[in-house]
Amino acid sequence: MGQILNANCRNCNFETDFNYGGGRFNYHENCPVPAINKETGYFENVNYITEKNNPLYLFYTDKQLKGDNGNNNVYQNFTLELNQTNNLCPNCKQYSFDFAINMFY
Ligand SMILES: [Zn+2]
């Protein structure tokens, strides 16, 4: 099940929406995951299926971009997990970037 999430930084107010996970019929080909482009430093919504081994991207499902999620939710999509709170903000580089579900598709 794919989801649309809203990302919001509590520190600098950087905000964006992104898609997470494939839909029921296309998850073998398309599985969008939020990532940081290491070259530009920008937040991108990248297809994990085709780009998971691309060294250009750090995915928010990787430990490196995760801070302390406490007892908050984990968004699971097959083997992938995203933390709800305290992810690394691409803008201010603090662990204050929170993800909230907008809708399922
Ligand atoms: Zn920020």
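Located above this text is the structure these notes cover.
Residues numbered from 1 in each chain as written. Predicted model: local features only at pLDDT ≥ 70, side-chain atom pairs only at ≥ 80, totals over all residues. Heavy atoms only, no water.

1. Things to note about the pattern of salt bridges
Okay, step 1: Counted according to the given criterion, the structure contains 1 salt bridge.
Okay, step 2: Note that R10 is salt-bridged to D98, the shortest N-O span being 2.8 Å. Of this pair, R10 sits in the loop between strand 1 (3–9) and strand 2 (15–20) while D98 sits in strand 9 (residues 95–104), and the two are 88 residues apart along the sequence.
Okay, step 3: Relative accessible area serves as the criterion here: at 51%, R10 is assigned to the exposed category.
Okay, step 4: For D98, a relative accessible area of 18% translates into the label buried. (Salt bridge = Lys/Arg side-chain N within 4 Å of Asp/Glu carboxyl O. Helix = DSSP H or I, 4+ residues; strand = E, 2+ residues; numbered from the N terminus. Buried < 20%, exposed > 50% of the residue type's maximum accessible area, 1.4 Å probe, protein only.)

2. A closer look at a nonpolar patch on the surface
Okay, step 1: Taken together, the side chains of M1, I101 and F104 present a nonpolar region at the surface, about 300 Å² in accessible area.
Okay, step 2: Position of F104 among the secondary structure elements: in strand 9.
Okay, step 3: Assessed through its relative accessible area of 47%, F104 is described here as partly exposed. (Patch = residues over 30% accessible without salt bridge, like charges linked within 9 Å, V, L, I, M, F, W, Y side chains within 5 Å. Areas by Shrake-Rupley, 256 points an atom, 1.4 Å probe, with all protein chains shown as cover.)

3. Here's the deal with the sheet that holds strand 2
Okay, step 1: Read from one edge to the other, the open sheet built from 4 strands follows the order 2-1-9-8, with strand pairing classed as antiparallel. Taken across any chain shown, the strands that pair with only one partner, and hence form the sheet edges, are strand 2 and strand 8 (87–88). (Pairing = 2+ DSSP bridges.)

4. As for the side chain of T61
Okay, step 1: Residue position: T61 is located in the loop between strand 5 (57–59) and strand 6 (74–77).
Okay, step 2: Those residues in contact with T61 that sit more than four places away from it in its chain are Y20, V33, Y48, K66, L80, E81 and L82. (Contact = heavy atoms within 4.5 Å.)

5. What about the sheet that holds strand 3 (residues 32–37)?
Okay, step 1: Taken in spatial order, the 3 strands of this open sheet run 4-3-5, and their pairing is antiparallel. With partners counted over all chains shown, the strands left at the sheet margins are strand 4 (43–47) and strand 5, one partner each. When strand polarity is set aside, the average angle formed by the axes of neighbouring strands in this sheet is 50°.
Okay, step 2: Bridge analysis of strand 3 against strand 4 gives 5 bridges, and the strand direction is antiparallel. Across the sheet, P34 pairs through a bridge with N45, a residue of strand 4. (Axes fitted to C-alpha atoms, helices over the stretch in contact; angles between N-to-C directions.)

6. Let's talk about the coordination of the zinc ion
Okay, step 1: Protein coordination of the zinc ion is provided by C9 (SG), C12 (SG), C89 (SG) and C92 (SG), with donor distances spanning 2.3 Å.
Okay, step 2: The site at the zinc ion holds 4 donor atoms, and with the angles between them running 106 to 115°, its shape is tetrahedral.
Okay, step 3: Counting along the primary sequence, the residues that act as donors to the zinc ion give the motif C-x2-C-x76-C-x2-C. (Donors = N, O, S within 2.8 Å, 3.2 Å for Na, K, Ca; no water. Tetrahedral: all angles 85-135°; square planar, octahedral: opposite > 155°, others 65-115°.)

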